[in-house]
Amino acid sequence: MKHTIRLSASILATVGAVALLSLPAGAQDAAALSQAAQEAAKAAQQAATAAQQAADAAKKALEAAEAAKQATPERVNQLKETVQEAAGKALAGTYIGEDKAKAIAFAHAGITADQASRLRIKFDRDDRRPEYEVEFNVGRTEYEYDIDAVTGAIRSYERE
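Keep in mind the model is a prediction, meaning the values are calculated, not measured.

## Description of unusual backbone geometry
Positive phi is not limited to glycine here, since D127 has a value of about 55°. With respect to the element layout, D127 can be found in the loop between strand 1 (117-126) and strand 2 (129-138). Under the relative-accessibility criterion, D127 is labelled exposed at 67%.

See below:
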């Protein structure tokens, strides 16, 4: 790419020099030569500017290619997890709370709070999604619930 740009600048300079030499003999006075030299210099400056712009674009393309090389599936997943974690922190104020999670589990099990024993509620993240783990016993039956901390939906439950 650099060679092509240099060649283009060289060609423009050569064209300017040829234009100077091809002026009619009567027009080769100092003013005409000065004007032709200025035009050749302007063309060379434009070529140099174009060359710099092309070099800058090539540099940016190489940087983008390097960034793309680093965009491995693992890196993409890391970035995704970072975004999900930030979103989770933003939603932290909108969690349903332990009392609501407990009420949802009791309603699903068809019991009242006074029937439950060995109650345990734990806030956790499953695959980066916030949830409440609610465990309790009713007599000899053990219940385990995973309840979405944002929506209150029951993700899973077991009864043993």
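## Some details on the nonpolar core
Nonpolar side chains tend to gather and get buried jointly when the protein is soluble and globular. Counting 14 residues, the largest nonpolar core has A105, Y132, V134, F136, Y145 and I147 as the members making the most contacts within it. Among the elements of the structure, helix 4 (98-109), strand 2 and strand 3 (141-148) are those that each provide at least two residues to this core.

## Some words on the pairing of strand 1
Direction of pairing for strand 1 relative to strand 2: antiparallel, over a ladder of 8 bridges. Considered in strand 2, the bridge of I121 is made with V134. Connecting strand 1 to the next strand, strand 2, in antiparallel fashion are 2 residues, including D127 with a positive phi near 55°.

## Some thoughts on helix 4
Its 12 residues give helix 4 an end-to-end C-alpha distance of 16 Å, which sits within 8% of 16 Å, the value for a rise of 1.5 Å per residue. Among all positions of helix 4, only A101, I104, A105 and F106 are buried. Close packing links the buried residues of helix 4 with strand 1, strand 2, strand 3 and strand 4 (154-159). Trailing helix 4 by a residue or two, G110 shows a phi angle of about 75°, which is positive.

## Side note on the pattern of salt bridges
Scanning the entire structure with this criterion turns up 4 salt bridges. A salt bridge links R129 to D148; the nearest nitrogen and oxygen atoms lie 3.3 Å apart. Taken together, the residues R129 in strand 2 and D148 in strand 3 connect sequence positions 19 residues apart. Overall, R129 belongs to the partly exposed group, its relative accessible area being 46%. When its relative accessible area of 6% is taken as the criterion, D148 is described as buried. The salt bridge involving R155 is made with E131; its shortest N-O contact spans 3.0 Å. Of this pair, R155 sits in strand 4 while E131 sits in strand 2; the two residues are 24 residues apart in sequence, bridging distant segments of the chain. For E131, a relative accessible area of 2% gives the class buried.

## Some words on the sheet that holds strand 2
Spatially, 4 strands are ordered 1-2-3-4 in an open sheet, and the strand pairing comes out antiparallel. Whereas interior strands pair on both sides, the edge strands pair on one side only; in this sheet they are strand 1 and strand 4. The mean inter-strand angle of the sheet, taken between neighbouring strand axes irrespective of direction, is 15°. Lying on the sheet, helix 4 is in contact with strand 1, strand 2, strand 3 and strand 4; it crosses strand 2 at an angle near 50°.

## A word on the packing of aromatic side chains
If you walk through the whole model with that rule in mind, you get 6 aromatic pairs. Seen from their ring centres, F123 and Y132 are 5.4 Å apart, and the 70° between their planes marks the pair as edge-to-face. Take F123: its relative accessible area is 34%, and that puts it in the partly exposed class. For the pair F136 and Y143, a centre-to-centre distance of 5.0 Å together with 15° between the ring planes defines the contact as stacked. Classification of F136 as buried rests on a relative accessible area of 0%. Through a chain of ring-to-ring contacts, the aromatic side chains of F106, F136, Y143, Y145 and Y157 assemble into a single cluster.

About the thresholds
Residues numbered from 1 in each chain as written. Predicted model: local features only at pLDDT ≥ 70, side-chain atom pairs only at ≥ 80, totals over all residues. Heavy atoms only, no water. Helix = DSSP H or I, 4+ residues; strand = E, 2+ residues; numbered from the N terminus. Buried < 20%, exposed > 50% of the residue type's maximum accessible area, 1.4 Å probe, protein only. Core = buried A, V, L, I, M, F, W, Y, C linked by side-chain atoms within 4.5 Å. Pairing = 2+ DSSP bridges. Expected span 1.5 Å × (residues − 1). Contact = heavy atoms within 4.5 Å. Salt bridge = Lys/Arg side-chain N within 4 Å of Asp/Glu carboxyl O. Axes fitted to C-alpha atoms, helices over the stretch in contact; angles between N-to-C directions. Phe/Tyr/Trp six-rings, centres within 6.5 Å; stacked < 30°, edge-to-face > 60°.

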